[in-house]
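For reference, the chains in residue letters:
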Amino acid sequence: MSQYSRILLKLSGEALLGPDDYGINTKTLDKICQQIKQIHANEVQIAIVIGAGNIFRGIDLQQTGLQRVTGDNMGMLATMINSLAIKDTLLSNNIDTKIMSSFFMPNLFEAFNAQQAKEHLSLNKIVIFAGGTGNPFFSTDSAAAIRAIEIDADVLIKATKVDGVYDKDPSCHNDAKKYDKISYDEVMDKNLKVMDLNAVLLCRDFKMPLRVVSMITDNSLNAIINDNNYGTIVTP
């Protein structure tokens, strides 16, 4: 029996890269969706927010001279491409999946509505929130925090390339220390790059717990759903 009944899963766009440098690696996408399918079969209600770093990062446009607002809007649109890819893969696995968008695009997506999203989830449909917050200057981390709060999720799970929160970058420092548990205040005091500051403040103020886990292993999502010692938990 899972310790959570409703989760918000935050995936980075880079999680879909696999061994590639750009775009969506279909084998990697399928592996991620198989993990989602596994926990969905255990009657866990799942909402997803996906980033766009595998396609486009709006903030990178500043270096080319384009406006930040333009870049952020392009990045939010790129999340819709990733959302469609995840939905199609989940549907091919016979999992009813809905996409709700911050932008009005009725030919492709439902408009986001928190109450409707909760109704979809209660019917055991997976809901993907596309388009970030719908506003520039906010990352998909902030979008994930907001949506987790709006749908009354039990936990926000952030899937990354590392298996938890460290005191420094473990890819650069062999002596990096992993935290099993840490508070949001400690995250801010130590300036740890868990999520952007807006997301951290939202989760702290609304008492939303965060679990940080790696998506590299094939059983990571199932492990974090069933094992309190897996990954890192960030507490309010």
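Residues numbered from 1 in each chain as written. Predicted model: local features only at pLDDT ≥ 70, side-chain atom pairs only at ≥ 80, totals over all residues. Heavy atoms only, no water.

Draft legend 1. Quick peek at the sheet that holds strand 3 (residues 97-101). What the nine strands build is an open sheet, ordered 4-3-5-2-1-6-10-11-9; its pairing is mixed. A strand with exactly one partner marks an edge of an open sheet, and here the two such strands are strand 4 (110-111) and strand 9 (181-183). Examined bridge by bridge, strand 3 and strand 4 share two bridges and lie parallel to one another. Among the inter-strand pairings, M100 is bridged to a residue of strand 4, identified as E110. (Pairing = 2+ DSSP bridges. Helix = DSSP H or I, 4+ residues; strand = E, 2+ residues; numbered from the N terminus.)

Draft legend 2. Highlighting helix 2 (residues 68-92). With 25 residues, helix 2 extends 37 Å between its outermost C-alpha atoms, agreeing within 8% with the 36 Å of an ideal straight helix rising 1.5 Å per residue. One or two residues past the end of helix 2 sits N94, with phi positive at roughly 65°. (Expected span 1.5 Å × (residues − 1).)

Draft legend 3. Quick look at the packing of helix 4 (residues 140-150) against helix 6 (residues 197-205). Their axes nearest at 7 Å, the elements helix 4 and helix 6 cross at an angle of 20°. Accordingly, the angle class assigned to the pair helix 4 and helix 6 is roughly parallel. As helix 4 packs across helix 6, the resulting crossing turns out to be left-handed. Contacts between helix 4 and helix 6 involve D141, S142, A145, I146 and I149 from the former and N198, A199, L202 and C203 from the latter. Looking at the contact of helix 4 with helix 6 residue by residue, the class counts come to six nonpolar, two polar and one charged. (Axes fitted to C-alpha atoms, helices over the stretch in contact; angles between N-to-C directions. Parallel < 35°, antiparallel > 145°, perpendicular 65-115°, else oblique. Left-handed = near helix turned anticlockwise from the far one by under 90°. Contact = heavy atoms within 4.5 Å. Nonpolar A, V, L, I, M, F, W, Y, C, P; charged D, E, K, R; others polar.)

Draft legend 4. Up close: the pattern of salt bridges. The tally for this structure, following the rule as stated, stands at nine salt bridges. Between D72 and R68 there is a salt bridge, and its shortest N-O distance comes to 2.8 Å. Highlighted residues: D72 and R68, both in helix 2, separated by four residues, approximately one helical turn. For D72, a relative accessible area of 12% translates into the label buried. Three or more residues joined by partner-sharing salt bridges are found here, namely K10, D141 and K158. (Salt bridge = Lys/Arg side-chain N within 4 Å of Asp/Glu carboxyl O. Buried < 20%, exposed > 50% of the residue type's maximum accessible area, 1.4 Å probe, protein only.)

Draft legend 5. Geometry of the packing of aromatic side chains. Going through the model one piece at a time under the given rule, you end up with one aromatic pair. Measuring from centroid to centroid gives 5.4 Å for F112 and F129, while their planes differ by 85°, and the two rings are edge-to-face. Here the residue F112 occupies a position in the loop between strand 4 and helix 3 (114-122), and F129 occupies one in strand 5 (residues 126-130), the gap between them amounting to 17 residues. When the ring centre of F112 is taken as reference, the NZ or CZ atom of R147 above it lies at 3.8 Å. Above the ring of F129, the side-chain terminus of R147 is found at 6.0 Å from the ring centroid. (Phe/Tyr/Trp six-rings, centres within 6.5 Å; stacked < 30°, edge-to-face > 60°. Lys NZ or Arg CZ within 6 Å of the ring centre and 35° of its normal.)

Draft legend 6. Fine view of the side chain of S12. Looking at the element boundaries, S12 is found in the loop between strand 1 (6-11) and helix 1 (26-40). Note on S12: relative accessible area 17%, which makes it buried. Each residue touching S12, except ones within four places of it in the same chain, is listed here: I50, G51 and A159.

Draft legend 7. Just the environment of L17, in detail. Position of L17 relative to the elements: it lies in the loop between strand 1 and helix 1. When its relative accessible area of 10% is taken as the criterion, L17 is described as buried. Put simply, L17 and Q67 are 50 residues apart on the chain and 27 Å apart in space, counted from C-alpha to C-alpha. Here L17 is in contact with Y22, G23, N25 and N54, once residues within four sequence places are set aside.

Draft legend 8. Spotlight on the side chain of N25. In this structure, N25 sits in the loop between strand 1 and helix 1. Here T28 takes part through its backbone nitrogen, which lies 2.9 Å from a polar atom of the side chain of N25. With residues up to four places along the chain from it excluded, the contact list for N25 reads L16, L17, G18, P19 and D20. (Polar contact = N/O pair within 3.5 Å; in protein donor to acceptor, adjacent residues only side chain to side chain.)

Draft legend 9. View of the pairing of strand 6 (residues 155-160). Of all the six residues making up strand 6, six are buried; the element is thus mostly covered by neighbouring parts of the structure. Judged by which residues are buried, strand 6 turns out to be covered on both faces: V155, I157 and A159 on one side and L156, K158 and T160 on the other are all buried. Inspection of the sheet shows strand 1 paired to strand 6 by five bridges, in the parallel sense. Note that in strand 6 the partner of K10 across the bridge is K158. Here strand 6 runs beside strand 10 (residues 210-214); their pairing, made up of five bridges, is parallel.

In short, geometric facts, not functional conclusions.
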